[in-house]
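As a plain string of letters, each chain reads:
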2 protein chains.
Amino acid sequence: MVDEQTTRRRTDRDLKTALIDAGVELLRIRGADGLSLRECATMAGVSHAAPGYHFKNIMGLSTAIAARGFQLFCEAMTRRLDGAGPSPRDRLSAICHGYIDYASDHPALFLFIFSGQKFNEDDEFFCSHSERAYAILREACAPFVASGTPKEDIEVLVWSLVHGYSQLSMTRKKENPKLDRSWPDFDQLFKHLGKALTPNDET
Amino acid sequence: MVDEQTTRRRTDRDLKTALIDAGVELLRIRGADGLSLRECATMAGVSHAAPGYHFKNIMGLSTAIAARGFQLFCEAMTRRLDGAGPSPRDRLSAICHGYIDYASDHPALFLFIFSGQKFNEDDEFFCSHSERAYAILREACAPFVASGTPKEDIEVLVWSLVHGYSQLSMTRKKENPKLDRSWPDFDQLFKHLGKALTPNDET
DNA sequence: CCTCCAACTTGACAGTGTCAAGATAAGATC
DNA sequence: GATCTTATCTTGACACTGTCAAGTTGGAGG
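Residues numbered from 1 in each chain as written. Chains lettered and ligands numbered in written order. Predicted model: local features only at pLDDT ≥ 70, side-chain atom pairs only at ≥ 80, totals over all residues. Heavy atoms only, no water.

For chain A, the name recorded in an unreviewed UniProt entry is HTH tetR-type domain-containing protein, with Roseibium album as its organism.

A look at the interface of chain A and chain B
Chain A puts 37 residues into the contact, and the matching count from chain B is 37 residues. Taken together, both faces of the contact between chain A and chain B bury some 3500 Å²; the carbon and sulfur share is 62%. Three residues, L168(A), K173(A) and H192(A), lead the burial of chain A against chain B; their summed loss comes to 17% of the area buried on that side. At the junction of chain A and chain B, the tally comes to zero salt bridges. At the boundary of chain A with chain B, the tally comes to six residue pairs in polar contact (both at pLDDT 80 or more). (Contact = heavy atoms within 4.5 Å. Buried area = accessible area lost by both parts, 1.4 Å probe. Salt bridge = Lys/Arg side-chain N within 4 Å of Asp/Glu carboxyl O. Polar contact = N/O pair within 3.5 Å; in protein donor to acceptor, adjacent residues only side chain to side chain.)

Quick notes on the relation of the copies chain A and chain B
Here chain A sits on chain B after a turn of 180° about the axis and a move of 0.0 Å along it, with an RMSD of 0.0 Å. Taken together, the rotation and translation describe the operation of a two-fold axis. Both copies contact each other with a shared surface, as 100% of the interface residues of chain A are interface residues in chain B too. (Least-squares fit on C-alpha atoms with pLDDT ≥ 70 in both.)

A short note on helix α9 (residues 186-196) of chain B
Residues spaced three or four apart along an α-helix point in a common direction, a consequence of the helix completing one turn every 3.6 residues. Considered for burial, the residues of α9(B) that qualify are F186(B), L189(B), F190(B), H192(B), L193(B), G194(B) and A196(B). As for α9(B), its buried residues are in contact with α8 (151-171) and α9 (186-196) of chain A together with α5 (88-105) and α8 (151-171) of chain B. Its side-chain oxygen placed 3.0 Å from the backbone nitrogen of D187(B), D185(B) serves as the N-cap of α9(B). (Buried < 20%, exposed > 50% of the residue type's maximum accessible area, 1.4 Å probe, protein only. Helix = DSSP H or I, 4+ residues; strand = E, 2+ residues; numbered from the N terminus.)

Looking at the packing of α8(A) against α9(B)
Relative orientation and spacing of two packed helices are given, respectively, by the angle between their axes and the distance between those axes. At their nearest, the axes of α8(A) and α9(B) sit 10 Å apart, and the two run at 75° to each other. One finds that α8(A) runs roughly perpendicular with respect to α9(B). Side by side, α8(A) and α9(B) meet where D153(A), I154(A), V156(A), L157(A) and S160(A) of the first sit next to Q188(B), L189(B) and H192(B) of the second. Among the residues making up the contact of α8(A) with α9(B), the classes are represented as four nonpolar, three polar and one charged. (Axes fitted to C-alpha atoms, helices over the stretch in contact; angles between N-to-C directions. Parallel < 35°, antiparallel > 145°, perpendicular 65-115°, else oblique. Nonpolar A, V, L, I, M, F, W, Y, C, P; charged D, E, K, R; others polar.)

If you want it as structure tokens, here you go:
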């Protein structure tokens, strides 16, 4: 847990990131409501009050973890985008699948950042990473904005759909095979969405 | 807080509902992560361990509160449905607005029931109320299911859209008027959704 | 009147976040 | 090298939390 120089006191940044790492891991293990300052401290190999020095209170640590969450969120979307075709439709689909990747790879973190709990919205990293996530999504939506209509209509349409799908995929009760319900793949939804979207620079 | 017969010990059902009432109120005041067994007990006028007798642990109380949450959820949707026109499109729109009503009238409760925290899925009331909520939504979607396609496609499409819209309306950062972003009304999204939905028994 | 039992209360314990005060190492100054 | 300063923790305390075991109580049935 601690690197070779155990004697040497670590720098500010070291422990901060170690505590965030611990927090992400703790969420993975315990679920979206399993965060604990003291347990993060123990995992990082410091005393119970050490986190309080770097992050004023638990909201401070939560905010830093959420910032990391948004960072991973951005990475998941850009990773899909890098492997996508050039057409607006392919790119939008890639973003959506990145969104869903993130939710299924980091379920607790996903729920955590959208849990509605209060974060410190003055935090620089939190703001920049969360805004970047939304910016990525907005960019992919831009080609579908019909002239004369506000671009927010399309953005919120796509965003709501993929967010709702991700969240519901996660919280729904797992299937009882006796019931004839099955959970559709997102591509099915995207096909329907396609009827409502027309790229304004395609033939 | 206690009715006229303070001397008389209350019945099982009385305290149970009083504790659920307290829980709902507590969520309203403190937000989605502000629930506390002991505080519910105090609000209901009983000792700190009384809730443990009726609800084995905090998951038991949480489940009961979530059940109440789904009940209010159903009421919000049926209230809109009662005032809606007869066409499938009007009825589906009514359901969606009921969904949104619920999220804005009971934000903490809405976040709570979809927070991803574990509930007791064996609980009778929790299951019946949550399943009824989904049944109401499914019914409104039924007229739009194209023959030959699984009905889940439409259901999840609508459900995801309205759920995502509700949640994002709630967790998004409030507008900086300097930014030219505005939050569209759901009717705008519903218009786009309409392009993807064709009632199979309308002209 | 007595008994019994459901519905609590009381008390304890380990865990939590937060704060104040103390310790300590690394670097700066003399 | 000795002293001072400061950032970075540690220690200890407090009020709060959920959970459990044991005790109490009041009403119903005999």
